[in-house]
Amino acid sequence: MKAGAWAKHFLNQQGARESTAFYQYSSLPKSLLLTVTSLWQQHEGACRMLLWLLFKTKMGSEQRLTLPTLMRIAYGEAKVLQAATQREERKRLVRSFESDLEVLNHYGLKPIFDPVTYPPDIQPLWAKLADLPDDAEAALEFWTNDGSKDNRLTDAAPRDKWNRLMQARFLCFELPEGWDVQATQSTQKKQRKAQPQATTLQKSTLSSQQIVTARKHLQISQRDLANRVGKSQSWVRDIENGRLQVGFKEQQILLKVLGVNP
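This text gives an overview of the structure that appears in the document. (Residues numbered from 1 in each chain as written. Predicted model: local features only at pLDDT ≥ 70, side-chain atom pairs only at ≥ 80, totals over all residues. Heavy atoms only, no water.)

### Remarks on the pairing of strand β3 (residues 169–174)
Right, on to step 1. Taken together, the 2 bridges between strand β1 (residues 65–66) and β3 define a ladder with antiparallel strand orientation. Looking at β3, one finds that threonine 66 is bridged to arginine 169.
Right, on to step 2. As judged from the 4 bridges shared by strand β2 (residues 110–113) and β3, these two strands associate in the antiparallel manner. The residue of β3 that forms the bridge with phenylalanine 113 is phenylalanine 170. (Pairing = 2+ DSSP bridges. Helix = DSSP H or I, 4+ residues; strand = E, 2+ residues; numbered from the N terminus.)

The structure is reproduced here in structure tokens:
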């Protein structure tokens, strides 16, 4: 199906040969339609990045992405150039970008920041607080330790933040369950034949409520569970809130850690 500008840039076979456009296609997850229609008016930039990243995954999720590239995808070249020369536009654009990144993170497209070019002092506040403990005493200790540091999480952004952001990169985006479009049909068939038991177990997926109930029964915090599973606390929080589905590998680990029978 070819439609207007989309076809010109993404379904252009001649342009792909000349390296001026793309010729690629992908499968759209069913959940994407609801996500886009519910987000579009409030977070238009997030929707543009979301759709672009979906196609980007065909070229490898490990490929490094620059922040200026995503800004141009989300808001257009003109706004990025305007922000480079006008301070207020720059501040507005950075706020929009960090808000749209948080939306992507909320829907499962988790940005992995390059620690060298995109260190914590120029990362969005929501990213710095992703592993904030849910336990009251642990949270108090967290903020006490943060207050004793030279650079605190709530300090104002450094003056050279914009220039550094223009050099910043993402290592990749972790994709939601079911969005991996790189596997070929032959690979999928081999996996189905080689793991017949896995398909059966997949049907008995742990619900978010089962995970919450089992965790509280063991009297462990989200942070403790995250450490045992080898994930971040924000991952556990998203799972328990129903924002993410548990992958097969993680499901098996949770079954063992929580002592739940499938």
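### Points about the nonpolar core
Right, on to step 1. Residues Met71, Phe97, Leu101, Leu104, Tyr118, Phe170 and Phe173 are the most contacted members of the largest nonpolar core, which totals 34 residues.
Right, on to step 2. If you list the elements that add at least two residues to this core, you get α3 (30–39), α4 (44–56), α5 (67–75), α6 (77–85), α7 (87–106), α8 (125–128), α10 (161–165) and β3.
Right, on to step 3. Listed in part, the 15 residues of the second largest apolar core include Leu206, Ile211, Trp235 and Leu254. (Core = buried A, V, L, I, M, F, W, Y, C linked by side-chain atoms within 4.5 Å. Buried < 20%, exposed > 50% of the residue type's maximum accessible area, 1.4 Å probe, protein only.)

### Some words on the sheet that holds β1
Right, on to step 1. As summarised here, the arrangement of the 3 strands in space is β1-β3-β2, forming an open sheet in which the pairing is antiparallel. Of all strands in the sheet, those with a lone pairing partner are β1 and β2, marking the two edges.

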